[in-house]
Every structure is written in C-alpha cells, then in structure tokens.
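Chain by chain, the residues run as shown.
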Amino acid sequence: MTEDKIREFFANDRYAALTGIEILEVKEGYAKTKITVEDKHLNGNNVVMGGCIYTMVDFTFALAANCGESECITLNSSIVFNSPATGKELYAQTEIVKNGRSVCNFLVRVTDEKGRCIATATMVGYKT
C-alpha cells in the first residue's frame, strides 16, 4: 500500500484514534508515531500506563508492516519497559529487521521528548 492508502486504512483504527496516536511518517518497513500524554493515559503512579505504550508499539509496527505488498498481523511480541514515561510526548519508531516470505520481524523503540528510551519491543508479524 502507498503511504496515502495506509493512512486511509488506519484512520479506521478506532482504538488507536481513541488513544490519540498520530502518524508522523510511514513507508514500507518504517513508521514513526507520536502521542501527546494526557491524564487519561496515566496510571495510579502518574506515569503512562504500559498498555498505552504497548498500543502505540503495536500500531506503529502495523503501519510499517502493512505498507508493503502483503497484509500483516501480529504473530508474537515482546516488550521491555526501560523507564517510566513521565514526559509530555512519546514517540515510537520502528524499523524492519527481517522481511521473509511469510514472517517479518521489527524492532520498535519508544522515547520521550527528551530522547530517553521508555520501551523497546520486538514484533513478529505473519503475512496473510
């Protein structure tokens, strides 16, 4: 899919829209997103909820993995939360590690506006 088509397709991702994730850049094998932290994203410790960060990771992966010839779904994922997210903005950036015939592997990195590494994730996708 082209960048315009992928943006149009993911405009219907209601959960990502509900969380406020913005698409900054997308092309085959790469995507970058942003979320402006609001009160609704915080847990009881006043840091961004891990589920919010994971949603951002999965959405960013989906953008990059579906911008090519085939459609892709998450087959497996692993996330490491490196630092509590206390900033005002989060960015997720993904890059392709391996693009096989039926399986792909991406690395996603989440940082805050100061460049601190908040989380890293390995995402494995299955091409349908």
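Located above this text is the structure these notes cover.
Throughout, residues of each chain are indexed from 1 in the direction in which the sequence is written. With the structure being a predicted model, the display of local features is reserved for residues of pLDDT at least 70 and the display and counting of side-chain atom pairs for 80 or more, all residues being used for whole-chain, interface and lining totals. To obtain the side-chain values, all non-hydrogen atoms of the structure were used and water was disregarded.

> So what's going on with the overall build of the protein chain? Which residues, and what values?
Only DSSP runs of H or I covering at least 4 residues are called helices, and only runs of E covering at least 2 are called strands; the numbering of each starts at the N terminus. Check the secondary structure of the protein chain and you find 3 helices and 6 strands. Mapped in sequence order, the helices and strands of the protein chain form the string α-α-β-β-α-β-β-β-β. C-alpha atoms define the radius of gyration, and 2.2 Å times the number of residues to the power 0.38 defines the globule rule. For the protein chain, whose C-alpha radius of gyration is 14 Å, the value lies close to the compact-globule estimate of 14 Å for 128 residues. Seen along its three principal axes, the alpha-carbon backbone of the protein chain occupies a region of about 45 × 25 × 20 Å. Only protein chains enter the accessibility calculation, which uses a 1.4 Å probe. A residue is then buried if its area is under 20% of the maximum for its type, exposed if over 50%, and partly exposed in between. Counting only residues that meet the buried cut, the protein chain has 41% of its 128 residues in that class. Residues are treated as being in contact if the distance between any of their heavy atoms lies within 4.5 Å. For the protein chain, the share of sequence-separated contacts (at least 6 apart) that also reach a separation of at least 24 residues comes to 60%. Only four residue types enter the tally: Lys and Arg on the positive side, Asp and Glu on the negative side; His and the chain ends are excluded. Positions of charges follow a simple convention, taking NZ of Lys, CZ of Arg, CG of Asp or CD of Glu. Counting 14 positive and 16 negative side-chain charges, the protein chain places the averaged centre of each group 4 Å from the other.

> How would you explain the nonpolar core if you had to name every residue and give the values?
With 30 residues, the main nonpolar core has Ile53, Phe61, Leu90 and Val110 as its most contacted residues. Counting residues per element, the ones that place at least two in this core are strand E2 (30–36), helix H3 (50–65), strand E4 (89–99), strand E5 (103–112) and strand E6 (117–127). With 9 residues, the top contributor of residues to this core is H3. Not counting chain neighbours up to four residues away, the residues in contact with Phe61 comprise Cys72, Thr74, Thr94, Cys104, Phe106, Val108, Met123, Val124 and Gly125. Within this scheme, the nonpolar core is defined by two criteria: the residues are buried Ala, Val, Leu, Ile, Met, Phe, Trp, Tyr or Cys, and they are joined through side-chain atoms within 4.5 Å.

> Mind laying out the packing of aromatic side chains, listing which residues take part and the relevant values?
Note on aromatic pairs: the rings of Phe, Tyr and Trp (six-membered ring only in Trp) are paired at centre separations within 6.5 Å, and the planes decide the class, stacked below 30 degrees, edge-to-face beyond 60, tilted for the rest. The final tally for this structure, using the stated rule, is 1 aromatic pair. Plain terms: the ring middles of Phe61 and Phe106 are 5.3 Å apart, the flat faces sit at 75° to each other, and that makes the pair edge-to-face. Note that Phe61 is positioned in helix H3 and Phe106 in strand E5, a separation of 45 residues in sequence. Each member of the pair, Phe61 as well as Phe106, carries the same accessibility label: buried. For a lysine, the NZ atom is tested; for an arginine, the CZ atom; a charge sits over a ring if that atom is within 6 Å of the ring centre and within 35 degrees of the ring normal. Over the ring of Tyr30 we find Lys27; its NZ or CZ atom is 5.5 Å from the centre of that ring.

The analysis is restricted to geometry; functional conclusions fall outside its scope.
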